[in-house]
Amino acid sequence: MYIDLENIDADTRSVLLRDMELEFFPNDNNLTHYYSIINLEDTNNGEIGGRVSYDPATVKGVELAENLDHINDIKHKIRDIMLRNSITEYVATRDRQSTNTILVMKRTSGESIGIFHCRHCAMEFDDEIQLSSHLRMHYLI
Ligand SMILES: [Zn+2]
């Protein structure tokens, strides 16, 4: 499974990379090749098994050796990380072109292709009407 981080700025990317590593690759995880950082140019991937340092500016994404059945769980974990860090200008969604990919993109680019996310709980909607009726629920509580 692949997490595409190409469309976000370097600061956000470094926050995400830090928290994703903690969340997906805890120190008690003995699997090798479970979590690999994919860099833009070199083919020498920063393997976290050996805690290789990386430059967030050149990171393209993260490859997770995870069962595809868990892709929605992983997507929700990424959303939780973004909510926790108040990253509201980006959203995490399934890539509609590629079934094994989670895409992190600008909220506005998501909206332009018909993906709407609640900024309070990161739930995903197909259109603005569904989103705004969902938003009302947050304001009632
Ligand atoms: Zn919500």
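What counts, and where the lines are drawn
Residues numbered from 1 in each chain as written. Predicted model: local features only at pLDDT ≥ 70, side-chain atom pairs only at ≥ 80, totals over all residues. Helix = DSSP H or I, 4+ residues; strand = E, 2+ residues; numbered from the N terminus. Buried ≥ 20, exposed ≤ 12 C-beta atoms within 10 Å, placed from the backbone. Contact = placed C-beta atoms within 7 Å. pLDDT = per-residue confidence, 0-100. Core = buried A, V, L, I, M, F, W, Y, C linked by C-beta atoms within 7 Å.

**Q** What is the right way to read the environment of Met123 from this model?
**A** Its place among the elements puts Met123 in the loop between strand S7 (116-117) and strand S8 (124-125). Take Met123: there are 14 C-beta atoms within 10 Å of it, and that puts it in the partly exposed class. Taking the C-alpha atoms as reference, Met123 lies 22 Å from Leu17; in sequence the two are 106 residues apart. Not counting chain neighbours up to four residues away, the residues in contact with Met123 comprise His117, Cys118 and His134.

**Q** Can you walk me through the confidence of the model for the chain in this structure?
**A** For residues with low pLDDT, the predicted coordinates do not support detailed interpretation. On average, residues of the chain score 88 in pLDDT, and 91% of them are at 70 or above. Put simply, strand S3 (residues 46-47) is where the chain has its lowest mean pLDDT, 54, and strand S1 (residues 2-4) is where it has its highest, 97.

**Q** Would you take a moment to explain the nonpolar core for this structure?
**A** Nonpolar side chains in soluble globular proteins generally cluster together in the buried interior. Within the largest apolar cluster, 22 residues are counted, with the highest numbers of intra-cluster contacts made by Leu5, Val62, Ile78, Tyr90 and Val104. Elements represented by at least two residues in this core include exactly helix H1 (10-24), strand S2 (35-39), strand S4 (59-64), helix H2 (71-84), strand S5 (90-94) and strand S6 (101-106). With near-sequence residues (within four places) excluded, Tyr90 lies in contact with Ile8, Thr12, Met82, Val104, Met105, Lys106 and Arg107.

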